[in-house]
Amino acid sequence: KQGKEKRDVSSKTNLAFFNAYIELDKICADRLGVKQNGVSTYINKLVDMRFAPGRSDILPKLIRYRNCRNKIAHETGAMMEGGEISKYDVRWIRRFTRTVAMHADPVSRYERKALRYNIWRKFCAAFIGAIIAVVGVGVYYLLDYLQVFG
């Protein structure tokens, strides 16, 4: 009887995990503009963003959870097995799903930071260009003045 109760708890946890993962996958797909494989696309994007804040904590978890999801989805009897997924894992996925939905996740934060950097870089380039133009005009008039009175 104790083995059956353990399997029931494991299967409920695995089912909750699977449903939470599907929700995360949908949110990631919507967020990244893809039709399917949202978590995999998110993982690939995060791999490319070496300096994304929180990347080192989140990337290994997402890879592990994707592997667990694939096992549950594709291996016979995996839904009934226990041990790999805990209630903590389900809570983490639900919390991360909310984080992605609110655009507070590492990819969103990195993209905002990159956008701010690019805006700042363009501003600096325009400002330096304006300074060079002003100095150039000043030098032109100075040389012109020196020729007239020189």
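Residues numbered from 1 in each chain as written. Predicted model: local features only at pLDDT ≥ 70, side-chain atom pairs only at ≥ 80, totals over all residues. Heavy atoms only, no water.

### Re a nonpolar patch on the surface
Reasoning step 1: On the surface, Ile131, Val135, Val139, Leu142, Leu143, Tyr145 and Leu146 cluster together into a nonpolar patch covering about 660 Å² of accessible area.
Reasoning step 2: Secondary-structure assignment places Ile131 in helix α5 (residues 106–149).
Reasoning step 3: Residue class for Ile131 comes out partly exposed when judged on its relative accessible area of 40%. (Patch = residues over 30% accessible without salt bridge, like charges linked within 9 Å, V, L, I, M, F, W, Y side chains within 5 Å. Areas by Shrake-Rupley, 256 points an atom, 1.4 Å probe, with all protein chains shown as cover. Salt bridge = Lys/Arg side-chain N within 4 Å of Asp/Glu carboxyl O. Helix = DSSP H or I, 4+ residues; strand = E, 2+ residues; numbered from the N terminus. Buried < 20%, exposed > 50% of the residue type's maximum accessible area, 1.4 Å probe, protein only.)

### Remarks on a positive patch on the surface
Reasoning step 1: Together, Lys87, Arg91, Arg94, Arg95 and Arg98 line one region of the surface with positive charge.
Reasoning step 2: Along the chain, the position of Lys87 falls in helix α4 (residues 87–101). (Lys, Arg positive; Asp, Glu negative; His and termini not counted. Charge placed at Lys NZ, Arg CZ, Asp CG, Glu CD.)

### Structural notes on the packing of aromatic side chains
Reasoning step 1: Scanning the model with the defined rule gives five aromatic pairs in all.
Reasoning step 2: The interplanar angle of 10° and the centroid separation of 5.1 Å between the aromatic rings of Trp92 and Phe96 together place this pair among those described as stacked. One end of the pair is Trp92 and the other is Phe96, both in helix α4 and four residues apart, which spans about a single turn.
Reasoning step 3: Put simply, the rings of Phe17, Tyr21, Tyr42, Tyr65, Trp92 and Phe96 pair up and form one aromatic cluster. (Phe/Tyr/Trp six-rings, centres within 6.5 Å; stacked < 30°, edge-to-face > 60°.)

### Some words on unusual backbone geometry
Reasoning step 1: Despite not being glycine, Asn37 shows a phi value in the positive range, around 55°.
Reasoning step 2: Tracing the backbone through its elements, the reader meets Asn37 in the loop between α1 (2–32) and α2 (38–48).

### Quick notes on helix α3 (residues 55–74)
Reasoning step 1: Helix length check: α3 (20 residues) gives 28 Å between terminal C-alpha atoms against 28 Å at 1.5 Å per residue, within 8%.
Reasoning step 2: For α3, every residue scored as buried is listed here: Ile58, Leu59, Leu62, Tyr65, Cys68 and Ile72. (Expected span 1.5 Å × (residues − 1).)

### Re the pattern of salt bridges
Reasoning step 1: Under the defined criterion, the tally for this structure stands at four salt bridges.
Reasoning step 2: Residue Lys45 is joined to Glu111 by a salt bridge in which the shortest nitrogen-to-oxygen separation is 3.6 Å. One end of the pair, Lys45, is in helix α2; the other, Glu111, is in helix α5, with 66 residues separating them in the sequence.
Reasoning step 3: Glu111 sits in the partly exposed class, given a relative accessible area of 29%.
Reasoning step 4: Residues participating in the shared-partner salt-bridge network are Arg31, Lys45 and Glu111.

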